[in-house]
Amino acid sequence: MAPTVMSAERAALARSLLSTGAMSPDWQCSFAAVPRADFLPDVIWPFDMDTRRAVEVDRRQEPETWHRYAHEDVPIVTQWDDGAGAGPGGESTSSASMPSVVFRMLADLDVQPGHRVLEIGTGTGWNCGLLAHRLGTEQVTSIEIDAKVANAARDRLAAHNLLGTVLTRDGAIGDPAGAPYDRIIATAGLRRIPTAWLEQLRLDGMIVTPWGTDYSNGDAIVRLSRCEVGVEGRFMRPAEFMKLRAQRRRFDGHSAYVPADGIAGADRSMTKVTEADLLGADRFDPRTFAIGLHVNSCYQVTAARRGGDRPVWFYGLDDRSWACVMFRESGATDVWQSGPRRLWDEVESALSWWQDLGEPDYDRLGLTVTWDGEHMAWLDSPEKAWPV
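Residues numbered from 1 in each chain as written. Predicted model: local features only at pLDDT ≥ 70, side-chain atom pairs only at ≥ 80, totals over all residues. Heavy atoms only, no water.

A. Examining the nonpolar core more closely. In terms of nonpolar packing, the biggest core is built from 34 residues, with Trp-27, Phe-103, Leu-106, Leu-130 and Leu-131 touching the most fellow members. For this core, the secondary-structure elements that each account for two or more residues are α1 (8-20), α2 (28-33), α4 (99-109), α5 (126-135), α6 (147-159) and β10 (201-211). Filtering out sequence-adjacent residues up to four positions away, Trp-27 remains in contact with Phe-103, Leu-106, Ala-107, Val-111, Leu-130, Leu-131 and Arg-134. One finds Leu-190, Trp-197, Val-222 and Val-388 within the second-largest nonpolar core, a separate group that totals 32 residues. (Core = buried A, V, L, I, M, F, W, Y, C linked by side-chain atoms within 4.5 Å. Buried < 20%, exposed > 50% of the residue type's maximum accessible area, 1.4 Å probe, protein only. Helix = DSSP H or I, 4+ residues; strand = E, 2+ residues; numbered from the N terminus. Contact = heavy atoms within 4.5 Å.)

Shown next as structure tokens:
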């Protein structure tokens, strides 16, 4: 049942989401009827924007702090290490996304009355609840791979009379029995779009999902429409999501690449590329995403600064190629490369490509996924595509 009066914190969040355009007015009723706080567990780990770290908050011990975070536009971790971890120090594996991210993606989805929606990644159940309130419970199917997370979400949805179909399975399989769907939305980051989703999409259907490359942990929201070859569409904006379990990065660690004696045996050269050239303003800088679209099966790690020096490492995920560029406070920038791939040469070439084309933003980049699973990135037009 929709509450008649929102708390001051919830009302402030609603005003903020509306004023920034993150939430469109047509979602305002669902926001009021489906409180985010009701879908959160007692112990949460909000990401504190000031300290840039996750902090543990227990509602039973700090109710005011818990409610403040529940109504703030911050991401909240709800599980570590697939349920085996007790808190920060491991890998965050389930969360409640920032409300602004949730509602921007719902706007991208462009649901209409009568649409049937498949959601991949139930999580807390809040996103599913918003969709069910808007469309009706019979129109929404959600998939969650973790049985404990799925059961908790079912309980929360049922408490609000919003429980439809919540399946416990690998989201990559989709829901062939319930297909076709008008819309598919994923709340986990992908590196490959499962062809099963294409097969379960209506002719005029759409997929909205975070997608990215192995190069970084960053994603970009992409909106893909059915077309003759499969699905295709443009990237919308940067984001960062926990990855679909089957698509988590397969990185064996630094010591599997660099020998015990370090970089001594690698090929050495120098570059005129600066630290600002390569890394940009922040981790969501479009250059990082663009480089990843050209340098396949490569993982980049920016190490902590050592005095005035900052090493940036590159690791080949299909072999043991590696490279390191050492940006210095003063003096030449050294490069070391080893293995069959010249990873730094590939990165430098991709960076030059991006710069020469006027430093395009996310919305000039697009993705095509064919019926046989081939992924093609493009700039401005699908006719200018290359494999990723």
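B. Summary view of the sheet that holds strand β14 (residues 298-302). If you walk across this open sheet you meet the 5 strands as β13-β17-β16-β15-β14, and the pairing is antiparallel. Bordering the open sheet on either side are β13 (267-271) and β14, each of which pairs with just one other strand. Here the strands of the sheet are splayed against their neighbours by 20° on average, with no regard to which way each runs. Two elements, strand β16 (residues 322-327) and strand β17 (residues 333-338), share 5 bridges in a ladder whose sense is antiparallel. Among the inter-strand pairings, Met-326 is bridged to a residue of β17, identified as Asp-334. Here helix α10 (residues 343-356) sits on the sheet in contact with β13, β14, β15 (310-316), β16 and β17, set at roughly 105° to β15. (Pairing = 2+ DSSP bridges. Axes fitted to C-alpha atoms, helices over the stretch in contact; angles between N-to-C directions.)

C. A look at the environment of Ala-96. Take Ala-96: it is sitting in strand β5 (residues 92-96). With 18 residues separating them in the primary sequence, Ala-96 and Thr-78 have C-alpha atoms 7.0 Å apart. Excluding anything up to four places from it in sequence, Ala-96 contacts Arg-36, Leu-40, Val-74, Pro-75, Ile-76, Thr-78 and Thr-124.

D. Spatial organisation of the packing of aromatic side chains. Counted under the stated rule, the structure contains 17 aromatic pairs. When the centroid spacing of 5.8 Å and the interplanar angle of 25° are considered together, the rings of Phe-251 and Tyr-257 count as stacked. In this structure Tyr-257 comes out as buried when scored by relative accessible area, which is 7%. Considering the side-chain rings of Tyr-299 and Tyr-315, the 6.4 Å spacing of their centres and the 40° angle between planes classify their relative orientation as tilted. A residue pair is termed long-range when its members are at least 10 positions apart, and Tyr-299 in strand β14 and Tyr-315 in strand β15 qualify at 16 residues. Connected via pairs of aromatic rings, a cluster forms that spans Phe-251, Tyr-257, Tyr-299, Trp-313, Tyr-315 and Trp-322. The ring of Phe-31 is capped by Arg-10, whose NZ or CZ atom sits 5.2 Å from the centre of that ring. The ring of Tyr-181 carries Arg-116 above its face, with NZ or CZ at 4.4 Å from the centroid. (Phe/Tyr/Trp six-rings, centres within 6.5 Å; stacked < 30°, edge-to-face > 60°. Lys NZ or Arg CZ within 6 Å of the ring centre and 35° of its normal.)

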